[in-house]
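Survey of secondary and tertiary structure
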2 protein chains.
Amino acid sequence: MNHEELREFASHTYIFLLHHPVLNREGKVITTAVTNLDIHDISRASRTYGLGGYYLVTPIHLQQELVHRVIGHWQEGYGASHNPRRKEAFDTTRVAGSLDEALQDVSSIEGRMPVVVATSAREHGHARLIDYPQVLELSTPVVLLLGTGWGLHESVLDRCDALLKPVRGPVDYNHLSVRSAASIILDRIFGLR
Amino acid sequence: MNHEELREFASHTYIFLLHHPVLNREGKVITTAVTNLDIHDISRASRTYGLGGYYLVTPIHLQQELVHRVIGHWQEGYGASHNPRRKEAFDTTRVAGSLDEALQDVSSIEGRMPVVVATSAREHGHARLIDYPQVLELSTPVVLLLGTGWGLHESVLDRCDALLKPVRGPVDYNHLSVRSAASIILDRIFGLR
């Protein structure tokens, strides 16, 4: 894929950060709180790799408002004139109440339902486990789905079209922050080398 | 390089996060404040890619104490029993008052002065501009040097042995957080594919 094709593919790719249903350390279903730097860092990464959009998905209304307030500050408030590059980072950052709502939103933008690729730090059995270069062989629109907490609930993994191989370094430890994982995954797929 | 050689190389590689001398938006030399998630996220990435150590470099004593307090909480305090994997992430996180102090520390661990590789989001002229795979052709110990704020001061860039190519996606915007940049750089060099 040449540079122009890569840019085109990226513009029809979306990243979702799911706050429910995700797991806690004991494997129970929880709703995590939105973290301020998850809004910032993943917006900046999404913009750097030219994605179509970044959705923060949370069912909690107060948390949705928090995200809107942060985006508003940088897009229209004091932050917009103070730091125009940060303003631009939030151009395609959005909020949704559920995975279905975010998928519907992408579908209405793109004209058809996206292919959904789950991500996980752990090895799971999945009917379609894919490696990073294979993402570019899928049909757009594509959604890359990341979970907060201790990862996506199995009910979510099961309904995804594919599961991406975990990010691994040369040692056994792999407990990256979701901000790091999101950045690395985007770079592995869309990074210029 | 095979898996075992990669692991060995990584264990003699260090990442430094410099808070002084770095630039502000106007290109003036400043000292930035240590950010809590810079401690966490880069420690976790450094541990995931098997590095020899992660140094937070700041001349401000109160900020050095803050880092020690955060590490102490997770290594010895309540956090250690609450989340043993986070404890492990901080095993090789250290604090230094200056770039020279951090380099001396690595030198005393490794028995010789490291090769210092600067990183930057911008294109700079440098006598030795290198690409990611070339890092593995250097002699260990190796230090990867990242700046906070608007990047490393030129006096620092000038004394580095090499400068790493900027991380780029398929579009012109590239304003990643330093946490994202650190994670991507480590993955480009030490990630298993």
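Going by the structure above, here's the rest.
Thresholds applied
Residues numbered from 1 in each chain as written. Chains lettered and ligands numbered in written order. Predicted model: local features only at pLDDT ≥ 70, side-chain atom pairs only at ≥ 80, totals over all residues. Heavy atoms only, no water. Contact = heavy atoms within 4.5 Å. Salt bridge = Lys/Arg side-chain N within 4 Å of Asp/Glu carboxyl O. Polar contact = N/O pair within 3.5 Å; in protein donor to acceptor, adjacent residues only side chain to side chain. Helix = DSSP H or I, 4+ residues; strand = E, 2+ residues; numbered from the N terminus. Nonpolar A, V, L, I, M, F, W, Y, C, P; charged D, E, K, R; others polar. Buried < 20%, exposed > 50% of the residue type's maximum accessible area, 1.4 Å probe, protein only. Pairing = 2+ DSSP bridges. Axes fitted to C-alpha atoms, helices over the stretch in contact; angles between N-to-C directions. Least-squares fit on C-alpha atoms with pLDDT ≥ 70 in both. Core = buried A, V, L, I, M, F, W, Y, C linked by side-chain atoms within 4.5 Å. Phe/Tyr/Trp six-rings, centres within 6.5 Å; stacked < 30°, edge-to-face > 60°. Lys NZ or Arg CZ within 6 Å of the ring centre and 35° of its normal.

Right, let's get into the interface of chain B and chain A. Every contact between the two is made by 42 residues of chain B and, on the other side, 42 residues of chain A. If you look at where chain B meets chain A, you find four salt bridges. One salt bridge in this structure joins Arg188(A) and Asp187(B), with 2.7 Å as the shortest N-O distance. Scanning the region where chain B abuts chain A turns up 22 residue pairs in polar contact (both at pLDDT 80 or more). When residues of the side of chain B that touches chain A are assigned to their parent elements, the largest contribution, seven residues, is made by helix H9 (residues 178-190) of chain B. Looking at the side of chain B that touches chain A residue by residue, the class counts come to 15 nonpolar, 13 polar and 14 charged.

Applying the stated rule across the entire model yields 18 salt bridges over all chains. A salt bridge links Arg47(A) to Glu88(A); its shortest N-O distance comes to 2.7 Å. Linking Arg47(A) in helix H2 (residues 36-48) with Glu88(A) in helix H5 (residues 84-89), this pair joins segments that are 41 residues apart in sequence. Taking the relative accessible area as the measure of exposure, Glu88(A) reaches 30% and is therefore partly exposed. A single network of salt bridges, built from pairs that share partners, joins Asp38(A), Arg179(A) and Asp41(B).

To continue, consider the sheet that holds strand S7 (residues 129-130) of chain A. All names here are of chain A. Pairing within the open sheet is parallel, and its seven strands lie in the order S5-S4-S1-S8-S6-S9-S7. Each edge of the sheet is formed by a strand with only one pairing partner; in this case those strands are strand S5 (93-96) and S7. Relative to strand S9 (residues 162-164), S7 runs parallel, the two being bridged by two bridges. In the strand pairing of S9, Ile 130 is matched with Leu 164. In the packing of helix H3 (residues 61-75) onto the sheet, the strands contacted are strand S4 (53-57) and S5, and the crossing angle to S5 comes to about 165°. Across the sheet, helix H9 (residues 178-190) is in contact with strand S1 (13-18), strand S8 (142-147) and S9; its angle to S8 comes to roughly 155°.

For the rest of this paragraph, the subject is the relation of the copies chain B and chain A. Superposing chain B onto chain A requires a rotation of 180° together with a translation of 0.0 Å along the rotation axis, leaving an RMSD of 0.0 Å. In short, the pair behaves as if placed about a two-fold rotation axis. With an isologous cut-off of 70% or more, the 100% of interface residues of chain B that recur at the interface of chain A puts this contact in the isologous class.

Let's shift gears to the sheet that holds strand S7 (residues 129-130) of chain B. All names here are of chain B. One open sheet accounts for seven strands, arranged S5-S4-S1-S8-S6-S9-S7; its pairing is parallel. Edge positions in the open sheet fall to strand S5 (93-96) and S7, since each of these has one partner strand only. Sheet strands in contact with H9 are strand S1 (13-18), strand S8 (142-147) and strand S9 (162-164), and its direction is about 155° off that of S8.

Considering the arrangement of structural elements, one finds Ser177(B) in the loop between S9 and H9. When near neighbours in sequence (up to four residues on either side) are disregarded, Ser177(B) contacts Asp41(A) and Arg44(A).

Moving on: the nonpolar core. Ile15(A), Ile189(A), Phe190(A), Ile15(B) and Phe190(B) are the most contacted members of the largest nonpolar core, which totals 80 residues. The leading source of residues in this core is H9(A), at eight residues. With near-sequence residues (within four places) excluded, Ile189(A) lies in contact with Leu6(A), Tyr132(A), Val135(A), Leu136(A), Leu144(A) and Leu164(A).

What follows covers the environment of Arg122(A). All names here are of chain A. Along the polypeptide, Arg 122 turns up in the loop between strand S6 (115-118) and S7. Sequence separation of Arg 122 and Thr 35 is 87 residues, and the distance between their C-alpha atoms is 22 Å. Look past the residues within four positions of Arg 122 in its chain and what remains in contact with it is Leu 23, Trp 150 and Pro 166. A distance of 3.2 Å separates a polar side-chain atom of Arg 122 from the backbone oxygen of Trp 150.

Right, let's talk about the pairing of S6(A) for a bit. Residue and element names in this part refer to chain A. Of the two faces of S6, the one lined by Val 115 and Val 117 and the one lined by Val 116 and Ala 118 are each fully buried. Taken together, the four bridges between S6 and S8 define a ladder with parallel strand orientation. Within S8, the position partnered with Val 116 by the bridge is Val 143.

Time to look at the packing of aromatic side chains. Ring pairs (aromatic) are described by centroid distance and by the angle formed between their planes. On inspection of all chains with the given rule, the structure shows six aromatic pairs over all chains. Considering the side-chain rings of Phe16(B) and Tyr55(B), the 5.1 Å spacing of their centres and the 65° angle between planes classify their relative orientation as edge-to-face. Pair noted here: Phe16(B) is in strand S1 and Tyr55(B) is in strand S4 (residues 53-57), with a separation of 39 residues, a long-range link. Residue classification places Phe16(B) among the buried positions, given a relative accessible area of 0%. One aromatic cluster is present, formed by Tyr14(A), Phe16(A) and Tyr55(A) through successive ring pairs. The ring of Tyr132(A) has Arg188(A) lying over it, and the distance from NZ or CZ to the ring centre is 4.9 Å. Above the ring of Trp74(B), the side-chain terminus of Arg86(B) is found at 5.4 Å from the ring centroid.

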